[in-house]
Every structure is written in structure tokens, then in C-alpha cells.
Amino acid sequence: MARSRLASPGQDMLRVSSLSKRYKGGEDALRGVTFDVPAGQVVALIGPSGSGKSTLIRCINRLVTPTKGRVELDDTDITRLGGRGLRRARRLMGMIFQEYALVERLTVMENVLSGRLGYVPFWRSFFRRFPQSDVDKAFALLERVGLSEHVGKRASDLSGGQRQRVGIARALEQDPALLLVDEPTASLDPKTARQIMRLVCEVCRERDLPAIISMHDVPLAKMFADRIIGLRAGEIVFDGPPAELDKAVLTEIYGEEDWTQIHPEHEVRPEESAEDRHAHEERMAGLR
Amino acid sequence: MSTPAASTRWTRPPLIGNPWLRWGLYLGVALYLIAAVSTLDVNWLRVLDGLSNGWRVLEGFFAPDFTTRSRDIWQGMEESLTMTVTSTVVGCLISIPIGLGAARNVAPLPVYAVCRSIIAVSRAFQEIIIAILFVAMFGFGPFAGFLTLSFATIGFMAKLLAEDIEDIQEAQAEAIRATGASWWQVVNYGIQPQVMPRLIGLSLYRLDINFRESAVIGIVGAGGIGATLNTAMSRYDYDTAGAILIMIIAVVLVAEYASSHLRKWVQ
């Protein structure tokens, strides 16, 4: 690959500084969030619903536009980009979604190849005439995630775990410099959830790829992440290695609860918060 | 068996709670109906006259005559079918960009306003009114019919397409946008696959409608089988008119079955 992603070893890939987001409804989703992510680090983002995890992830690839602050990827300030520049920045950030967000009526192969949309001109994508190197890469990735036999199937014909594997392949097909992962396991059963988390972490290690993974499942986060960031009401209240995440810290993040009784499988999905609704509106407004 | 405990009667609560208002409304409606019916001035002699005329029409329909005016019938049929197919194709093609523009989640506000007003204008008028206008502008014949049906198709298709686009699962489009795709690529990958089955189904349904409408607008001079039917009726050629009606029914049935099969296959 011609693109030099790593300017120098050990340097921070992603630098988020005093990032704030206020939605139209007036609520502050993020208040001055600052952190750096070096190459190859897997960061788990935990916090209660409405704490701003989703907003933070979407501010990084500008599906949501932050109100204040900077997001720098390889020393490019993403908050200042627009049009073509923004699309170039987005293609460096692979995103994996909670409900997979595959295009259900397209084939597995088309879904994976859609990871190349930021690289190919419209006519090529319209006639599905992707460069052979892209197709080779897609086949290799599908083999890596164990879906070689499903290339021609529609995404809607796959199981949840298989769909999320396609989602991972689509993100990697972008040749990303960073993975943004929004609750990848929330709609999966506990066993599949672990398999998916393991796969995500493996590919990150293989490629020295940094990742930010938002999740509800604290034990799973402790099991797989190198570092954990705890958000509460839009502010970072914890940032450290998984070992330091103890009862006191969890109470700080989530409030008082008996932490020995956590059942990650029986996670309650709270009602949609106002933040979710405004975030949704703004994300969709960006389509225009 | 033990005797049941004292039961509480239950009746469904009435729509209008106030009994005075409720019974007043019933009475008012009844009085209005009686008054309205009593103003109808039915001339029973003319009804008697009409009965025998009606019998002659029915007789014609029971003995349809396909042969005497077969040339006119075929020509009308051909015109109608041509009109139907061309106007459906043209109308659907034009309605795609307008439908995209009229979807609030895809189009910026000015584009949205323009496209929605095109749709509103197209839907405001019934086909016959549009046909009268186009016949006045372009003269008698199928060209006016073609324009009428295309225009009506745009309003119908664009509105339903826009609503379908507004109902897509936006997460899919968001995921495509997150890859760095351009606006057109988001439309092609994130939206088109979601609305395609309905778009095809609606086009086939519109083909149906357009054929039936082509028979109607012919009566105001826009060509096609409707014009032939109108001529036959005014000549008191009820047997020919019967033949034409049977053919219209046959074509509509065939189109109905074919399109419902196609739609099932597309889903």
C-alpha cells in the first residue's frame, strides 16, 4: 500500500481534544472529551445509555458534527473537513454497527465491496465493476471471517453472527487506519458476542489497527480491551487499564448497584433517550 | 355448582358521551336525509322510457359484434395499449428523480419543496380534466392521451416512491455513508436496494391503472379505445360497444394477473 499510515511508531493515531456536542434539543451529549489512541490499541468505551458513547463515535467520523473541539487522525483535523476531504477521511475509518447495518437486499459480496465506495468513481460502483484488487481483497477478507461459502447470498439470509462478520469484512475492506465499533454485540447471544469480540480484537492485532468499541457489557470489555474509557453524562470519568476497573469505578460510571450480580446476558435495553432521538435526526440530516 | 356472585353489567361506552348531543345528532341526520330525498324530483315517465332504452343497450351487450367494426376496434385497442405502455415508461422514469427530491430524508429543503409541489399539481387534477386541457392544447388523438397519462403517473409514482424512501431503514444508508461514499453512491447502495421491489410493483400497478384510464380519457377526445367506445355509443351501435367493453375487461384481467404474478416474483 502506498499510503503511509504510521508517521512514526508509537505516535498517536487519533487525537480527540476537548470535544463537545450539543444537540438541537439543547442537551449536552459530550462535554470536553479529550483522549488519544495510539496505533494498535483496543479501547472499550463504556457508560450508561445516553452517556454519549454513540455520539462520541459518530463525532469521530463526522456522521454527527461536533459543536466544539478537534478530532485529528494522522494530524488531519476532521472537524474542519467537508465534501471530498471528509469522504477521504471517512474511508480511513471503518465502522461496525450494532444492528449490523448491512444492506439487506444486496449480496454479501456487494456489502463487503461497499467498503470501497470511498475509493472508486460512481460509474464503477453503479455497474459493480470494482477493480480486481478490491475483489481479491474482499474474497480474502470473507475467508478470514469464515464466510467463503456465502459470497453470493443475500445479507438477509444470514444469521446475526454471520451478518456481523460481513460488517467486519466491510469495515476492513476500507483499508482503515482506525476501527469505530458501536455496540457490536448488543444484538447477539453471549457465545456469538464473544466470538465477534475475539475476531475484532484479532484483526486489530494483525493489522496494528486501533479500535474504539462502545459496549454495554462490562465483563466482555474487561476481557478483550487494552484500555477502558468510562463515560458518564458526556464526560470521561475513567480512563485506564481493565485491571483498574473496580467496584468503585463502576459505581462512579453507572451509579449504585450490586456489581457482583451483573448478568451481561440479561442486559436491559432502556427506552430511547432524548439524546438518541436528536442524534438520530442529525445523523439522517447528514444524508442530504 | 355454586351460584355466581352478583355480576356487574358492562356495555361498550358510546362514541359521544352526552346523550342529548348523541340523540340530537341522530335526529338531525335523519331529518336531513328525509328533507334531501324529498327534494329529488323523479320523473317516473322518463324512467319508464329509459327502461326500454336500457333493455336495448343490454341486448347489444348480450350479442356483442366484434366483426362489423373490427378495424376501428383494433385500431382503438392498439392506440390504447401504445398509450398505456409509453406513458407508464416515461412517467415512471421521470418520477424517479422527482420522488428522490420529494423525500425529506434525502433532499435539501428547496429541492424538496419544488418536487412536492410538482407532485401536488399532478395529483390535484383528475385524469379527465388533464385530458381536456391537453386535448385543447394538442388536438384530438392519442398524443394528448399519452401526455395525460404520463403526467398523472408522475404524481402517483413520485409520491409513493418518496414515501417509501422516507420509510427506509436509515441505518443501512448511514453505514454506506460511513464508508466515505458520495451522495449518488449512498442512493445507489443504501437506498435503491431497499425501495426497488416496491418501485417495480408500483410501476406494474400503474400500468394497470393507465390502461383503464386510457379507456376513460378517450371519451373526452384523447384517442384510444375510449374514443372508439364513445363513437359506438353515439351511433347506437350497442353490439359493437358491448364487444369493446368485453375486450377492455379481458385486457384488464390479463394485466391484473400478469402484474400480480410479476410482483410476487420480484418480492
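Residues numbered from 1 in each chain as written. Chains lettered and ligands numbered in written order. Predicted model: local features only at pLDDT ≥ 70, side-chain atom pairs only at ≥ 80, totals over all residues. Heavy atoms only, no water.

**Focus: the overall build of chain B**
Looking only at helices and strands, chain B has 10 helices and zero strands in total. The C-alpha radius of gyration of chain B comes to 27 Å, more than 25% above the 18 Å expected for a compact globule of 267 residues. If one aligns the C-alpha atoms of chain B with their principal axes, the spans along those axes are about 75 × 70 × 45 Å. Out of the 267 residues in chain B, the part that is buried amounts to 42%. Accessible area of chain B: about 15,600 Å², with a carbon and sulfur share of 69%. Computed over 18 positive and 19 negative side-chain charges, the separation of the two mean positions in chain B equals 8 Å. (Helix = DSSP H or I, 4+ residues; strand = E, 2+ residues; numbered from the N terminus. Rg over C-alpha atoms; globule rule 2.2 N^0.38 Å. Buried < 20%, exposed > 50% of the residue type's maximum accessible area, 1.4 Å probe, protein only. Areas by Shrake-Rupley, 256 points an atom, 1.4 Å probe, with all protein chains shown as cover. Lys, Arg positive; Asp, Glu negative; His and termini not counted. Charge placed at Lys NZ, Arg CZ, Asp CG, Glu CD.)

**Examining the overall build of chain A**
Per the secondary structure count, chain A includes 10 helices and 10 strands. Across the 288 residues that make up chain A, the buried fraction comes to 52%. Total accessible area computed for chain A in this model is approximately 12,700 Å², and 48% of it derives from carbon and sulfur atoms.

**So, the interface of chain A and chain B**
Contact with chain A, which involves 35 residues of that partner, is made by 29 residues of chain B. Taking both partners together, chain A and chain B bury about 2,800 Å²; carbon and sulfur atoms supply 58% of that area. R58 of chain A is the salt-bridge partner of E174 of chain B, the closest N and O atoms lying 2.8 Å from each other. Going through the elements one at a time, helix 2 (83-90), strand 6 (93-96), helix 4 (122-126) and helix 10 (274-285) of chain A are the ones with two or more residues in the side of chain A that touches chain B. Tallied by class, residues from the side of chain A that touches chain B come to 16 nonpolar, eight polar and 11 charged. (Contact = heavy atoms within 4.5 Å. Buried area = accessible area lost by both parts, 1.4 Å probe. Salt bridge = Lys/Arg side-chain N within 4 Å of Asp/Glu carboxyl O. Nonpolar A, V, L, I, M, F, W, Y, C, P; charged D, E, K, R; others polar.)

**Focus: unusual backbone geometry**
Residues and elements named next belong to chain A. In this structure, S18 is a non-glycine residue whose phi angle is positive, near 35°. Relative to the helices and strands, S18 resides in strand 1 (residues 12-22). A positive phi angle, close to 55°, is found at R128, a residue other than glycine. Structurally, R128 can be placed in the loop between helix 4 and helix 5 (132-144).

**What to know about the packing of aromatic side chains**
Residues and elements named next belong to chain A. Taken as a whole and assessed by the stated rule, the structure comprises 11 aromatic pairs over all chains. Taken together, a centroid distance of 5.1 Å and an interplanar angle of 85° make the contact between F126 and F127 edge-to-face. A relative accessible area of 39% means that F126 is categorised as partly exposed. By relative accessible area, F127 is classed as exposed at 55%. (Phe/Tyr/Trp six-rings, centres within 6.5 Å; stacked < 30°, edge-to-face > 60°.)

**Observations concerning the pattern of salt bridges**
Residue and element names in this part refer to chain A. Per the counting criterion, the structure on display carries 22 salt bridges over all chains. Between D175 and R116 there is a salt bridge; the shortest N-O distance is 3.2 Å. Of this pair, D175 sits in the loop between helix 6 (160-173) and strand 7 (178-182) while R116 sits in the loop between helix 3 (108-113) and helix 4, and the two are 59 residues apart along the sequence. The buried category is assigned to D175, whose relative accessible area is 10%.

**Observations regarding helix 9 (residues 225-234) of chain B**
Counting along an α-helix, one turn takes 3.6 residues, and residues three or four places apart therefore face a common direction. Residues and elements named next belong to chain B. Taken residue by residue, helix 9 has I225, G226, T228, L229 and A232 as its buried positions. Around the axis of helix 9, the buried residues are gathered within 160° of arc, so they sit on the same side. Looking at the residues trailing helix 9, positive phi occurs at Y236, about 60°. (Arc of directions from axis to C-beta.)

**Quick look at the confidence of the model for chain B**
Caution applies to low-pLDDT parts of the model: their predicted coordinates are not meant to be read in detail. Of the residues in chain B, 98% reach a pLDDT of 70 or more, and the chain-wide mean stands at 89. Element-level pLDDT for chain B is lowest in helix 2 (residues 44-62) of chain B, with a mean of 84, against a maximum mean of 94 in helix 4 (residues 109-124) of chain B. (pLDDT = per-residue confidence, 0-100.)

**Some points on the environment of I96 of chain B**
Residues and elements named next belong to chain B. Topologically, I96 is positioned in helix 3 (residues 70-101). Assessed through its relative accessible area of 32%, I96 is described here as partly exposed. I96 sits 155 residues away from V251 along the chain, and the two C-alpha atoms are 27 Å apart. Once you skip the residues sitting within four places of it in the chain, I96 turns out to touch L161 and L199.

**Considering the state of the cysteines**
A covalent bond between the sulfur atoms of two cysteines is referred to as a disulfide. Scanning the model with the defined rule gives zero disulfides over all chains in all. Left without a disulfide partner, C204 of chain A is nearest to the cysteine sulfur of C201 of chain A, which lies 6.2 Å away. (Disulfide = S-S within 2.5 Å.)

**Quick look at the nonpolar core**
Core analysis: the largest hydrophobic core is formed by 75 residues, its most contacted members being L142, L179 and L245 of chain A. Excluding its chain neighbours within four sequence positions, the residues that come into contact with L179 of chain A are G94, I96, A171, V200, C204, L209, P210, A211 and I212 of chain A. (Core = buried A, V, L, I, M, F, W, Y, C linked by side-chain atoms within 4.5 Å.)

**Quick look at the packing of helix 6 of chain A against helix 7 (residues 190-207) of chain A**
Residues and elements named next belong to chain A. Between helix 6 and helix 7, whose axes approach to 10 Å, the crossing angle comes to 15°. By the criterion of interaxial angle, the relationship of helix 6 to helix 7 is roughly parallel. The two elements helix 6 and helix 7 cross, and the hand of that crossing is right-handed. Contacts from G161, Q164, R165, I168 and L172 of helix 6 reach helix 7 at T192, Q195, I196, L199, V200, V203 and R207. Residue composition of the contact of helix 6 with helix 7, grouped by class: six nonpolar, four polar and two charged. (Axes fitted to C-alpha atoms, helices over the stretch in contact; angles between N-to-C directions. Parallel < 35°, antiparallel > 145°, perpendicular 65-115°, else oblique. Left-handed = near helix turned anticlockwise from the far one by under 90°.)

**Here we look at the side chain of H216 of chain A**
Residues and elements named next belong to chain A. You can see H216 is positioned in the loop between strand 8 (211-214) and helix 8 (218-224). Of note is the side chain of H216, whose polar atom sits 3.5 Å from the side chain of S49. In terms of polar contacts, H216 uses its side chain to reach the side chain of E183, at 3.5 Å. (Polar contact = N/O pair within 3.5 Å; in protein donor to acceptor, adjacent residues only side chain to side chain.)

**What to know about the sheet that holds strand 9 (residues 227-232) of chain A**
Residues and elements named next belong to chain A. Taken in spatial order, the six strands of this open sheet run 6-7-8-3-9-10, and their pairing is mixed. Each edge of the open sheet is held by one strand with a lone partner, namely strand 6 and strand 10 (235-240). On average, each strand axis in the sheet is inclined to that of its neighbour by 20°, with strand direction left out of account. Of the pairings in the sheet, the one linking strand 9 to strand 10 comprises five bridges and is antiparallel in character. Directly across from R232, in strand 10, lies its bridge partner E235. Helix-sheet contacts for helix 1 (residues 53-60) involve strand 3 (42-46), strand 6, strand 7, strand 8 and strand 9, and the interaxial angle to strand 7 is about 150°. (Pairing = 2+ DSSP bridges.)

**Here's the deal with the side chain of R90 of chain A**
Counting through the fold element by element, R90 of chain A comes out in helix 2. This buried residue, R90 of chain A, is left without a salt bridge; E174 of chain B holds the nearest opposite charge, at 8.7 Å. Setting aside residues no more than four positions away along its own chain, R90 of chain A makes contact with N61, R62, L63 and Q174 of chain A together with R177, A178, T179 and G180 of chain B.

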